Amino acid sequence: MGKFILKKVFYGIVILFGVITGVFFLQNSTGGNPALLVGGQNATDEIIQNIEKDLGLDLPLYKRYFLYLNDLSPISFHNDDPESHIFMDTSKYEGANMFNVGENTLYFKYPYLRESYSSKRPVADIIFSTLPDTVYLAFAAVVIAFFFGVVFGVISALKKGTFLDNSTFIVAVAGMSAPSFFTAAIASQVFGEIWSEQSELPIFPLVAMLFALFIGVAAFLYQNKKRVKTEKKSITVGLVSLWAFKGLLFGVAIWLFYIVGYSIFGFENVPLLGEVIIGPGTGLNVTGQLFVPDDYTGDDILHLENLILPAITLGVRPLALVSQLTRSSMLDVMNEDYIRTARAKGLSEFKVVFKHALKNAMNPVITAVSGSFASLLAGAVFVETIFSWNGIGTALLDAINNSDLPTILGVTIVISTFFVLINIIVDIVYGFLDPRIRLK
Amino acid sequence: MSDSLLHIENLTTTFNTENGIVKAVDNVSVKLDKGKILGIVGESGSGKSVTSLSVMGLVQSPPGRISGGSIWLHANGERRDLTKLSEKEYRKVRGNDIAMIFQEPMTSLNPVYTCGDQVMEAILLHDKTLGESGRYSSITDPLLKLIVNGVFQKLLNVLVFVINIFVAVFILTLFAIYSILYFTIWLIASKLSLLGKNLKSKADSFLDKNKILLSPDSGKANNSIVEIIQSFKIPFFKGYSTAREKAAKEKVIKLFKKVKLPRPTKIFESYPHQISGGQKQRVMIAMALSCNPKVLIADEPTTALDVTVQKAILKILKKLQREMDMGIIFITHDLGVIAELADEIAVMYKGKIVEQGSVQQVFLRPSHPYTKGLLACRPPLDVRISELPTRRYFIYEDENGSLVETKKEVKEVLNELKISDAEIKMRRELIYASTPLIKVNSLKTYFPGEKNVFGKPIEFVRAVDDVSFDIYPGETLGLVGESGCGKTTLGRTLLRLVDSTDGSVLFGGKDILKMSKDELRNLRKDVQIIFQDPYSSLNPRLTIGEAIMEPMRVHNICDNEMQRKQEVLRLLERVGLNTWHFDRYPHEFSGGQRQRICIARSIALKPKFVICDESVSALDVSVQADVLNLLNELRNDFGLTYLFISHDLSVVKFMSDRIIVMNKGKIEEEGAADDIYERPKSIYTQTLINSIPKGIIDEIAS
């Protein structure tokens with residue numbers, strides 16, 4: 001196990017190294033002089049030259065590259081010469097010296113990500129001020145996706161080919177294909193703006209649901225009264241609630257048609273169809289961040305409700321993926337011999353599904369979830385922008401717009417580190433789920 | 001109304017398929033008495049498994065449905081019709097009153113739970129009174145478990161983990177200081193002989209003992225640093241288990257001892273993939289017996305196992321059946337197995353029971369031609385016959401399409417087909433006069449086992465270990481051994497499908513192991529292989545014709561497509577299929593037909609040498625007989641040479657002129673087929689022969 005993790009960490013470092021090298025050279029080859037950006041519009045040539053010298057931009061590319069690596073590495077060379085590019089500046093570096101190598105000293109320090117060209121803030125500060133919000137958002141989205149995705153997947157696998165299965169499939173396809181900026185904008189507008197104070201719930205679907213429910217209950221009572229016990233389809237409580245659900249969906253579908261027609265052709269308000277009940281508002285905001293400073297005291301106050309809309313918007317896509325993967329792998333597992341064994345033991349269907357089948361079906365799902373989580377950590381630029389979420393995606397976008405090399409590199413390194421870490425964790429989780437691939 | 005333990009009365013189970021309703025079980029009535037074993041025999045598709053699943057109430061619905069009849073279970077003093085039970089009531093019967101053992105031990109255990117847990121689950125489910133100590137213990141105990149396992153176990157284990165790491169680091173540091181100290185002393189002592197020889201030799205001997213730090217890998221078990229650290233490791237807290245669970249665990253270990261599992265406490269905590277197939281089947285038996293069932297259904301429990309393992313499992317089943325006074329329904333396609341075990345036999349064919357009676361009755365006076373066919377088609381061990389008698393010796397269709405029964409007895413047929421000793425001798429002289437087609441010389445195939453830090457293997461699994469033999473043109477060489485003995489690896493090494501480690505394989509004077517890629521491609525034309533699993537060795541997206549024509553095209557057999565097609569059609573007829581099968585896809589064929597297709601595909605290249613790697617092991621006995629006969633005919637027609645690999649000694653003996661017995665990668669014994677069977681020299685061969693189920697009629701009679 002230890003050997004395996006060490007190997008993975010080693011591969012991870014190699015990958016990180018490749019990423020750093022690639023991004024560094026790509027970004028430097030795009031042209032443009034960062035010194036102009038730092039100096040501002042009124043800088044003279046002399047100032048520009050000084051800035052270039054200060055930032056080491058006058059050096060050849062390969063030297064700049066090695067200097068960057070030297071800054072980044074936890075074990076690095078520095079000296080006491082203030083003019084040198086590797087001067088041990090205590091305002092930048094924090095660490096302890098180990099021993100002298102020639103005229104330089106070998107130091108053990110925290111990796112230094114340099115300063116942003118545009119804002120002059122240390123890149124580490126920028127990352128650490130934006131990263132937590134992104135992590136919370138990604139985590140919330142993945143939890144939603146995983147929980148609901150697995151539940152929907154299991155239901156549609158068990159009820160294969162039925163109404164429930166087909167409707168989850170339609171929802172999944174819609175979730176996969178709707179672009180996130182679109183869903184984000186709609187969600188933000190509807191739940192944050194229109195229904196924020198008070199919600200206007202359409203009455204028609206509700207009536208349809210009640211109607212279906214009424215018929216269902218009536219049929220149920222009739223059956224019990226007559227004691228009609230046909231072999232197969234006796235009406236159960238579950239069946240009645242399914243009818244009610246179908247009624248609700250049917251109602252929603254008709255109402256949506258009506259709304260579209262109403263808004264496009266502007267025909268008259270049909271009684272019943274257009275009626276709404278005024279319900280309590282959602283109380284959500286159009287945009288917002290997780291921590292909002294209080295107007296008077298200036299303390300950060302947690303606003304958890306601001307997490308709801310962006311998390312759901314972000315979670316829809318992985319949710320669709322997870323539910324379809326769970327479905328297909330559950331279908332495979334339910335045909336396995338050991339499920340038959342579990343049934344032959346006399347276990348209840350619930351235990352068979354959730355104890356014996358689900359654990360076996362989880363591996364592909366874990367892969368999908370971890371992949372989505374890692375890519376959400378890289379920042380969801382659209383969603384973050386629409387909800388004004390102060391995340392790493394926004395920070396990266398700003399940096400790219402300003403060709404702010406240190407920030408781009410810093411953010412990239414942090415994101416790739418996350419990818420590597422998550423992959424290692426997932427490999428360990430596989431072992432927990434399936435002892436056959438548990439590593440010795 | 002009878003007092004039978006289990007009485008299946010006019011049971012009909014149907015399946016809704018695309019082609020309408022299919023009756024998988026058609027009006028079947030059998031009775032099982034207490035303490036008796038009922039054998040149900042039939043080939044695959046005869047409905048014997050569906051019968052058992054119907055009894056268990058496990059027929060998948062839809063598409064399956066029990067459409068008629070009743071299943072009476074006489075248990076716990078009452079008689080109930082199982083078909084009328086609700087799902088909830090049925091669950092109390094399953095595993096408790098009726099238990100089942102399945103065919104595939106490899107896949108019948110859940111891979112993500114330990115064997116012990118899976119057996120325990122059944123006990124905890126059905127035995128409600130187990131280990132109850134007080135009135136409230138059924139509530140307090142699980143509650144305590146929840147609290148302890150939910151909170152304390154996790155905290156404690158984190159603590160244990162941290163302590164373990166500290167201990168490991170501490171020991172490592174100690175060792176570092178220790179050896180640096182002594183290394184310095186040794187340096188000083190060796191540089192300055194001033195200190196005298198005494199001290200130097202002392203330091204030398206110390207370093208000899210403590211090589212660990214200098215080369216961690218070289219250490220033996222007792223002084224490798226990893227081992228030392230591991231000996232200091234505190235084990236993780238496994239969690240609190242309730243009194244019921246403790247009692248259940250004890251019971252499971254007792255059961256494991258009963259089914260003769262080695263190291264029961266170890267296996268309790270092993271996962272299914274860590275134990276062998278035979279052991280898995282024993283765990284399955286323990287699971288089935290865990291709640292003292294009245295009826296045990298064993299659905300081909302030994303078909304997937306080696307003969308020696310099969311013998312042991314059957315012995316255990318028989319013993320436990322007597323001990324616990326159970327009724328067993330034993331389902332198999334192999335009459336030989338059932339002769340040793342059952343009291344009564346029911347023969348099933350196409351969903352119906354065609355013959356039913358006591359073992360003596362069915363074996364000595366079989367009335368139905370199908371039963372006769374089943375009895376006769378198992379390769380006999382005592383005589384040599386030219387062809388295995390199949391069903392068509394007893395019943396066949398005449399020109400008008402009506403069935404004709406021959407009324408022949410099994411013994412008569414066997415006598416007709418017998419080959420005389422003189423014929424055998426002549427054939428042997430003819431074959432062994434020529435020069436060998438293949439000479440295998442000290443062939444070795446090793447697989448890397450354990451690896452060191454740098455990925456370099458330090459241990460090898462010796463799959464084929466120094467094996468030499470010759471194969472003569474026109475002969476069939478049998479290769480027999482238990483699973484894992486290296487026989488399949490040997491076959492694949494001969495074809496260069498697996499890389500060898502050392503040795504040579506001369507084919508017509510050329511070393512196969514040193515051939516270039518082009519030469520190898522030509523070799524593939526001369527040397528063909530027929531694999532074990534006919535289901536996965538055909539591409540499901542190629543028609544049969546395409547599948548056979550593809551290699552012909554690669555090797556430029558025939559001049560054009562037209563001729564090739566003609567040739568394939570001819571081949572299809574030759575192997576007993578029809579010409580209109582040409583455009584069909586593999587899923588439309590049964591296992592035996594698929595194996596015929598595979599045979600046609602390899603014969604199409606007109607090879608000289610064919611390796612049959614367990615080619616008939618996946619098939620039923622009757623289908624197996626047909627395929628074996630076909631292989632023999634083809635050998636005589638095309639002048640083929642076979643290397644026939646199988647774990648079934650009776651099949652190998654029927655097919656082969658000579659037999660090689662393999663064990664643990666080495667050749668145990670080699671000789672003429674009859675010699676090996678009649679006068680086995682090695683103990684291993686003797687055990688193999690003794691384990692073959694004796695389905696022979698004489699033995700029953702005596």
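Residues numbered from 1 in each chain as written. Chains lettered and ligands numbered in written order. Predicted model: local features only at pLDDT ≥ 70, side-chain atom pairs only at ≥ 80, totals over all residues. Heavy atoms only, no water.

A word on the sheet that holds strand β13 (residues 438–448) of chain B
Across a sheet, paired strands are connected by hydrogen bonds in the backbone, their directions being either parallel or antiparallel. Residues and elements named next belong to chain B. Strands sit in the order β14-β13-β16-β17 across an open sheet of four strands; the sheet is antiparallel. Of all the strands in the sheet, just β14 (460–471) and β17 (510–511) have a single pairing partner and so form its edges. Bridge count for β13 against β14 is eight bridges, and the pairing is antiparallel. Looking at β14, one finds that Ile438 is bridged to Ile471. Running over the sheet, helix α17 (residues 487–494) touches β13, β14 and β16 (502–507) and is turned about 115° from β13. (Pairing = 2+ DSSP bridges. Helix = DSSP H or I, 4+ residues; strand = E, 2+ residues; numbered from the N terminus. Contact = heavy atoms within 4.5 Å. Axes fitted to C-alpha atoms, helices over the stretch in contact; angles between N-to-C directions.)

Considerations on the interface of chain B and chain A
Contacts between the two partners involve 29 residues from chain B, matched on the other side by 23 residues from chain A. In this structure, the salt-bridge partner of Glu121 of chain B is Lys355 of chain A, at a minimum N-O distance of 3.2 Å. At the boundary of chain B and chain A, one finds twelve residue pairs in polar contact (both at pLDDT 80 or more). Only α1 (48–56), α3 (105–108), α4 (115–126) and α10 (277–289) of chain B provide two or more residues apiece to the side of chain B that touches chain A. Broken down by element, the residue count for the side of chain B that touches chain A peaks at five residues, all from α4 of chain B. Broken down by class, the residue content of the side of chain B that touches chain A amounts to 14 nonpolar, nine polar and six charged. (Salt bridge = Lys/Arg side-chain N within 4 Å of Asp/Glu carboxyl O. Polar contact = N/O pair within 3.5 Å; in protein donor to acceptor, adjacent residues only side chain to side chain. Nonpolar A, V, L, I, M, F, W, Y, C, P; charged D, E, K, R; others polar.)

Brief notes about a negative patch on the surface
Residues and elements named next belong to chain A. Among the surface-exposed residues, Asp80, Asp81, Glu83 and Glu103 lie close enough to one another that they form a single negatively charged patch. When you line up the elements, Asp81 lands in the loop between β1 (75–78) and β2 (95–101). Overall, the relative accessible area of 38% leaves Asp81 in the partly exposed class. (Patch = residues over 30% accessible without salt bridge, like charges linked within 9 Å, V, L, I, M, F, W, Y side chains within 5 Å. Areas by Shrake-Rupley, 256 points an atom, 1.4 Å probe, with all protein chains shown as cover. Lys, Arg positive; Asp, Glu negative; His and termini not counted. Charge placed at Lys NZ, Arg CZ, Asp CG, Glu CD. Buried < 20%, exposed > 50% of the residue type's maximum accessible area, 1.4 Å probe, protein only.)

Here's the deal with the side chain of Lys653 of chain B
Residues and elements named next belong to chain B. Note that Lys653 resides in helix α23 (residues 649–655). In this structure Lys653 comes out as buried when scored by relative accessible area, which is 3%. The residues contacting Lys653, other than those within four sequence positions of it, are Pro380, Leu381, Val383, Arg384, Ile659, Ala673, Asp674 and Tyr677.

Concerning the domain arrangement of chain B
In terms of domain boundaries, chain B breaks down into domain 1 (4–112 + 288–364), domain 2 (114–270), domain 3 (380–418) and domain 4 (420–524 + 658–693). The C-alpha-based centres of domain 3 of chain B and domain 4 of chain B are spaced at 34 Å. (Domains from an automatic or database assignment.)

Focus on helix α14 (residues 369–376) of chain B
Within α14 of chain B, eight of the eight residues are buried, leaving the element largely enclosed by the surrounding structure. All of the buried residues in α14 of chain B are Pro369, Tyr370, Thr371, Lys372, Gly373, Leu374, Leu375 and Ala376 of chain B.

Examining the side chain of Gln281 of chain B
Residue and element names in this part refer to chain B. With respect to the helices and strands, Gln281 occurs in helix α10. We classify Gln281 as buried; its relative accessible area is 0%. If we skip the residues at most four places from it in the chain, Gln281 touches Ile101, Phe102, Gln103, Pro105, Pro301, Leu305 and Ile313.

Considering the domain arrangement of chain A
Residues and elements named next belong to chain A. Here chain A is partitioned into domain 1 (2–109) and domain 2 (126–439). Here the C-alpha centroids of domain 1 and domain 2 sit 44 Å apart. Each partner contributes residues to the interface: domain 1 has 15 residues there, and domain 2 has 15 residues. Of the roughly 1400 Å² buried between domain 1 and domain 2, counting both surfaces, carbon and sulfur atoms make up 84%. When the buried surface of domain 1 facing domain 2 is broken down by residue, Phe4, Leu16 and Gln27 rank first, second and third, together holding 33% of it. (Buried area = accessible area lost by both parts, 1.4 Å probe.)

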